[in-house]
Amino acid sequence: MRGSKRGTQWPQAPTINLFVPALGSLYAALNTTSETILRAAAGIFLTIHGSGKITDPLGAAAMVEGLGFYPGAFWSVLLACTEFFGGIFIAIGLLTRPAALAGMFVLLVTVWFHWVTMGEGFSGAEKSLLWAAILFFFVIRGGNRQSVDARIGKAF
């Protein structure tokens, strides 16, 4: 069992009989590292995506008002900060859960935008759905032991 300093424990994954048992030690050795790579990649990509918005934080005001978010200036700045700074936080694993939750919300809005507003259906929303699912994983799991959250001994 693994847990926090306060004794909260999470159950271990069930034991699975592998088709190639010799790979079990490789999978175990890379378990945390692969999760960290996914978190870092998601955060870096979200930061890159938000870098254009952070240089012009009011640039999306008309677009967010077009989606029904008023006042557009407020939501545009919040969108820019969520993508850029939230992406950095996710990448390094600081305040991982709240940053991932905020990013997931943004992505679900883009799902609505592409699927419903633009009428593109699944094909227009699939990338946003995938990214929202990845961020949902980190909302639930947090940053793991290779994160700033773990280093400071605090997490949401």
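Preceding block: the structure.
If you're wondering where the values come from, they're calculated on a predicted model, not measured in any experiment. (Residues numbered from 1 in each chain as written. Predicted model: local features only at pLDDT ≥ 70, side-chain atom pairs only at ≥ 80, totals over all residues. Heavy atoms only, no water.)

1. Comments concerning the side chain of T82
Applied cut-off: What counts as a helix is a DSSP run of H or I of at least four residues, what counts as a strand is a run of E of at least two, and both are numbered from the N terminus. Here the term buried applies to any residue with accessible area under 20% of the maximum for its type, exposed to any over 50%, and partly exposed to those in between, with areas from a 1.4 Å probe on protein chains only. Under the rule applied, a polar contact is a pair of N or O atoms within 3.5 Å (in protein, one hydrogen donor and one hydrogen acceptor; residues adjacent in sequence only if both atoms are side-chain atoms). In this analysis, two residues are considered to be in contact whenever any of their non-hydrogen atoms come within 4.5 Å of each other.
Residue position: T82 is located in helix α3 (residues 72–92). The class for T82 is buried, based on a relative accessible area of 13%. In terms of polar contacts, T82 uses its side chain to reach the backbone carbonyl oxygen of L78, at 2.7 Å. Leave out the neighbours within four places in its chain, and T82 touches L46, G87, A102, G103 and V106.

2. Regarding helix α4 (residues 96–117)
Cut-off, in case you're wondering: A helix's residues, less one, multiplied by 1.5 Å, set its expected span. The reported arc concerns the directions from the helix axis to the C-beta atoms and nothing else.
Helix length check: α4, at 22 residues, gives a terminal C-alpha distance of 30 Å against a target of 32 Å (1.5 Å per residue), a fit within 8%. For α4, the set of buried residues is T96, A99, A100, G103, M104, V106, L107 and V111. Buried residues in α4, looked at end-on, bunch into an arc of 165°, giving them a common side. Buried positions along α4 lie against α1 (24–55), α3, α5 (121–141) and α6 (148–152). Downstream of α4 by one or two residues, G119 has phi in the positive range, about 70°.

3. Quick look at unusual backbone geometry
A cis geometry characterises the amide bond from Y70 onward to P71, with omega recorded as -5°. Structurally, P71 can be placed in the loop between α2 (61–66) and α3. The backbone phi angle of N144 is positive, close to 75°, even though this residue is not glycine. Assessed through its relative accessible area of 15%, N144 is described here as buried.

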